[in-house]
Amino acid sequence: MTPRLRHLTTLENMPRATIERLLDRAVAMRDACAHGTRKLDLLAGRTILNLFFEPSTRTRTSFELAARRLGADVINFDIGFSSTSKGEELYDTLHTLEAMHLDAIVVRHKISGTPDELVRHAMSGVSVINAGDGNRAHPTQGLLDALTIRQHRPNFEQLGVVICGDVKHSRVARSDVHALAALGVRDIRLCAPAALMPGEHELPHCQRFTDFDEAVTGADAVIMLRLQKERMAATDLQDEADYFRHYGLDTRRLALAARSALVMHPGPLNRGIEISSEVADGAQSRILEQVGNGVFVRMAVLAEMLARP
Amino acid sequence: MTPRLRHLTTLENMPRATIERLLDRAVAMRDACAHGTRKLDLLAGRTILNLFFEPSTRTRTSFELAARRLGADVINFDIGFSSTSKGEELYDTLHTLEAMHLDAIVVRHKISGTPDELVRHAMSGVSVINAGDGNRAHPTQGLLDALTIRQHRPNFEQLGVVICGDVKHSRVARSDVHALAALGVRDIRLCAPAALMPGEHELPHCQRFTDFDEAVTGADAVIMLRLQKERMAATDLQDEADYFRHYGLDTRRLALAARSALVMHPGPLNRGIEISSEVADGAQSRILEQVGNGVFVRMAVLAEMLARP
Amino acid sequence: MTPRLRHLTTLENMPRATIERLLDRAVAMRDACAHGTRKLDLLAGRTILNLFFEPSTRTRTSFELAARRLGADVINFDIGFSSTSKGEELYDTLHTLEAMHLDAIVVRHKISGTPDELVRHAMSGVSVINAGDGNRAHPTQGLLDALTIRQHRPNFEQLGVVICGDVKHSRVARSDVHALAALGVRDIRLCAPAALMPGEHELPHCQRFTDFDEAVTGADAVIMLRLQKERMAATDLQDEADYFRHYGLDTRRLALAARSALVMHPGPLNRGIEISSEVADGAQSRILEQVGNGVFVRMAVLAEMLARP
């Protein structure tokens, strides 16, 4: 058995067995909740702190719910989002929180690598969980996406998965690739305008496409990324309608994918920019299932780290 | 018995029996607390989310206290108050929250009808509670005002109640009228400068006054509304002192009302604008009782909706 | 035995026996936590409200943790920090909160004396705890500093303690002096540039120094204060480097103090301005111990006030 997780900063190089254990644990959480269990006591008396240097109501709420369903206390440490807090100032905040005997810190920060810096500087037994750092990693999103796909298409070796949009700046894309590759998906296709595609040295196992029609053909799951509107300027595309024409998922394009291909999106949606409402709300959409799985995956991660064996 | 409430968006057309059941339940909550019960377990394991698109520390805190006293968890979903979030964006937020398996959403929004929109678009078993929408409804305020009056003047058929101030833009006034009319109050008087009086088609059972002295004469309860200072301009009145002279409640005017008439205000007070400090802090003031009843009414509403039978 | 505390607004004139009881209780809390107790039930069913008119994530979090470890519920009442809320408006907020039957209000406000105003205007059994008012008092900081010193140097009568920095504007300095003097410390030295030294009538039992080398010589504990950068202008010092040269604590200066003198700071640190990183992170630093003691002292204060005997 792979060792118990102490921190979670990235899925890169995480052993397949650890990922599978976390997904299995998330399924157990989902089953308990489906059978009417409203609260588990696994983390009674534990305190988890949300340390968000970037605003994110959805992810913060998902972690808060996960922690409370396990019986833990949650504290939101409200950082002014104007400050990025780095270097000594960041470590002083970390050490202050450690001195208060918290059990885990859930951190989001716009600078890639910040969670690892916290792990490196942590002095006590506190666990660090990355809730998104720069464009580097969003490991619980990667896990919840893998879980959502596994539920419907468990034969990962045979799957084709497309990730389309601003791949270059997307921590979701990176964590998805790390999770899916570890679980055996061999056919991972990245699709983006040239200016929004990461360099060749990054994510080397993936195929790259600039033509979305080509990329989506025969795919079993299509993961659409949110376009930060300020990134539009970097592309050759003239406006949002133009972006949608080339990189938006609509019913015509979805019909090119495999029958009943899964449609996914980390949210929040830009309807009419990267995805049509018809597809987002259609029968193949797994978007809300992703949200539900997000809570179970975060419960699994917290339980793995903090529950007494 | 009228059916159990599933949502609470307005008191308009709510059956008298339902209102009375909620008030009775609020009294039971008050009695339990008065006898030293600090926490009930009726909602253990339930999660209630505060979704406030308008800031309101008092109402949010009242709901939070009510939920916690029933043993529920509470999550504050911090929406940037700059955004109103409407249409697809609002429904996406709703569906995201539903996918996280919340039990109830307490919503405040400046657009009238938003809570009903949420009810219409809700897909799962989540309950929606209106904490104030535009100038349309503030049902828990209507219930707590009815409860406060009932405590002191239970014979609703014989009562005269004045509601004075910016009636036109007041959701409190509307919910008060709906509650009181349903409970049998026949003499409801609205008093406002002409520009702040709602159209005749609205609240048709009420008498309308522009002269406060006339309106208050013989009244058993006087509900003063908060004047939004930016509304002053719409009136013929020159300034706040002028407003107070015509529509403020002071001891002289209160003496025109019935003996021991109840003085009420939803808060926060504009002292010296719509009410004098002497009256607000005087023996006839029920303003703080209203605040206390607010918690009990919200406990009653949450228990009605969410407690297992 | 001195009477049980009902409110805590200042340590000035607090009997030595009361201070010692609070410190002993804090030690008992620390011991319980060290032995694995994660949660006490002393305050189950109680509700504590944080009413912060000045932002302070660290102190607010410390109080929140303390309350939750005792089983209490905590509500953060989010005041817009632009408003100071004083006079009638402040009392209306107080009375509203009292009407909601809260057990304690933890208040921070930039106007000195605000907590006492709240005590004077409180109508019900609510307890008021000062989390810092203007430059007047920060009693839980005074207690935690006394506890940190007592742990290492229990013979208060023989101690020399230096407090260095912007003493004039520091509520920490005042509460430290009140605590230490009550506990028997006779040699308390204040060190500051002339413009940042309080008037002679204030803190009369202390020795005053403008030369830090002289002040620190032989001291057993050195408490450094945070310099608000906007205060620099008032001094004769040219810039932060100049301030550090005259009033910063570095290894050379620390060597003038007694062997193993304690280094303390209320945080957050301005490294390189009032303290060098080498000293802040060095073997003599008790800064993180102070943070940990802060939680235990706040648990002690809350339990003293609110636990059933």
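Residues numbered from 1 in each chain as written. Chains lettered and ligands numbered in written order. Predicted model: local features only at pLDDT ≥ 70, side-chain atom pairs only at ≥ 80, totals over all residues. Heavy atoms only, no water.

Visitor: Which residues make up the relation of the copies chain B and chain C, and what are the values?
Guide: Here the second copy of the chain follows from the first by a rotation about an axis and a shift along it. Its rotation angle being 120°, the transformation that places chain B on chain C also includes 0.0 Å of axial translation and leaves an RMSD of 0.0 Å. Put plainly, the chains are arranged around a three-fold axis. (Least-squares fit on C-alpha atoms with pLDDT ≥ 70 in both.)

Visitor: Any chance you could break down the side chain of Thr235 of chain C for me, citing the residues and the numbers?
Guide: Residue and element names in this part refer to chain C. Mapped onto the elements of the fold, Thr235 is located in the loop between strand S8 (221-224) and helix H8 (240-247). Of the residues examined, Thr235 reaches a relative accessible area of 8% and is grouped as buried. At a separation of 2.6 Å, a polar atom in the side chain of Thr235 contacts the main-chain carbonyl oxygen of Met232. At 3.1 Å, the side chain of Thr235 forms a polar contact with the backbone nitrogen of Leu237. For Thr235, the contacting residues outside a window of four places in its chain are Pro193 and Leu196. (Helix = DSSP H or I, 4+ residues; strand = E, 2+ residues; numbered from the N terminus. Buried < 20%, exposed > 50% of the residue type's maximum accessible area, 1.4 Å probe, protein only. Polar contact = N/O pair within 3.5 Å; in protein donor to acceptor, adjacent residues only side chain to side chain. Contact = heavy atoms within 4.5 Å.)

Visitor: Could you give an account of the UniProt feature "binding site: carbamoyl phosphate" (unreviewed entry) in chain A, with specific residues and numbers?
Guide: Residues and elements named next belong to chain A. Following the UniProt record, the feature "binding site: carbamoyl phosphate" (unreviewed entry) maps to Arg58, Thr59, Arg108, His138, Gln141, Gly267 and Pro268 here. Along the chain, Arg108 turns up in strand S3 (residues 104-109). From its side chain, Arg108 meets the backbone oxygen of Ala131 in a polar contact 2.8 Å long. Of note, Gln141 is situated in helix H5 (residues 139-152). For Gln141, a relative accessible area of 7% gives the class buried. The residues touching Gln141, leaving out its near neighbours within four places in the chain, are Val172, Asp176, Pro266, Gln290 and Arg298. (UniProt positions renumbered as here; feature names shortened; annotations may be inferred.)

Visitor: Break down the packing of helix H5 (residues 139-152) of chain B against helix H6 (residues 171-182) of chain B for me, with residues and values.
Guide: Residue and element names in this part refer to chain B. Here H5 crosses H6 at 55°, and the two axes come no closer than 8 Å. One way to sum up the angle between H5 and H6 is to call them oblique. Handedness of the H5/H6 crossing: right-handed. For the pair H5 and H6, contact is made by Pro139, Gln141, Gly142, Asp145, Ala146 and Ile149 and by Val172, Ser175, Asp176, Ala179 and Leu180, respectively. Per-class residue counts for the contact of H5 with H6 are six nonpolar, three polar and two charged. (Axes fitted to C-alpha atoms, helices over the stretch in contact; angles between N-to-C directions. Parallel < 35°, antiparallel > 145°, perpendicular 65-115°, else oblique. Left-handed = near helix turned anticlockwise from the far one by under 90°. Nonpolar A, V, L, I, M, F, W, Y, C, P; charged D, E, K, R; others polar.)

Visitor: Describe in detail the domain arrangement of chain A, supporting the description with residues and values.
Guide: Residues and elements named next belong to chain A. Taken domain by domain, chain A consists of domain 1 (16-137 + 291-306) and domain 2 (139-286). Tallying the contact residues gives 26 residues for domain 1 and 24 residues for domain 2. For the pairing of domain 1 and domain 2, the buried interface totals around 2,000 Å² over both sides, and the portion due to carbon and sulfur atoms is 59%. It is Arg16, Leu23 and Asn135 that lose the most area in domain 1 upon contact with domain 2, and together they represent 28% of the buried surface on that side. (Domains from an automatic or database assignment. Buried area = accessible area lost by both parts, 1.4 Å probe.)

Visitor: So what's going on with the interface of chain B and chain C? Residues and values would help.
Guide: Listed by partner, the interface residues are 18 residues for chain B and 21 residues for chain C. Surface buried jointly by chain B and chain C totals about 1,800 Å² across both partners, of which 54% is contributed by carbon and sulfur atoms. Considering only the surface of chain B that becomes buried against chain C, Arg38, Arg68 and Leu288 of chain B emerge as the three largest contributors, covering 30% of it. Applying the counting rule to chain B against chain C returns four salt bridges. With its nearest N and O atoms 3.5 Å apart, the salt bridge here joins Glu88 of chain C to Arg271 of chain B. In this structure, the connection of chain B to chain C is made through seven residue pairs in polar contact (both at pLDDT 80 or more). Where the side of chain B that touches chain C is concerned, the elements lending two or more residues are helix H2 (57-69) and helix H11 (287-306) of chain B. (Salt bridge = Lys/Arg side-chain N within 4 Å of Asp/Glu carboxyl O.)

Visitor: Tell me about the sheet that holds strand S2 (residues 73-78) of chain B, and please be specific about residues and values.
Guide: Residues and elements named next belong to chain B. Pairing in this open sheet of four strands is parallel, and the strands run S2-S1-S3-S4 from one edge to the other. At either end of the open sheet lies a strand with only one pairing partner, and these are S2 and strand S4 (127-133). Direction aside, the axes of adjacent strands within the sheet are offset by 20° on average. The strands touched by H2 are strand S1 (47-52), S2, strand S3 (104-109) and S4; relative to S1, the strand with the most contacts, the crossing angle is about 175°. (Pairing = 2+ DSSP bridges.)

Visitor: Explain the interface of chain C and chain A residue by residue, including any values.
Guide: Residue-level contacts link 18 residues of chain C with 22 residues of chain A. Between chain C and chain A lies a buried interface of about 1,800 Å² when both sides are counted; carbon and sulfur atoms form 55% of it. At the surface where chain C touches chain A, the tally comes to five salt bridges. Its salt-bridge partner being Asp73 of chain A, residue Arg68 of chain C comes within 3.9 Å of it at the nearest N-O pair. Where chain C touches chain A, the interface holds eight residue pairs in polar contact (both at pLDDT 80 or more). Taken together, the elements giving at least two residues each to the side of chain C that touches chain A come down to helix H2 (57-69) and helix H11 (287-306) of chain C.

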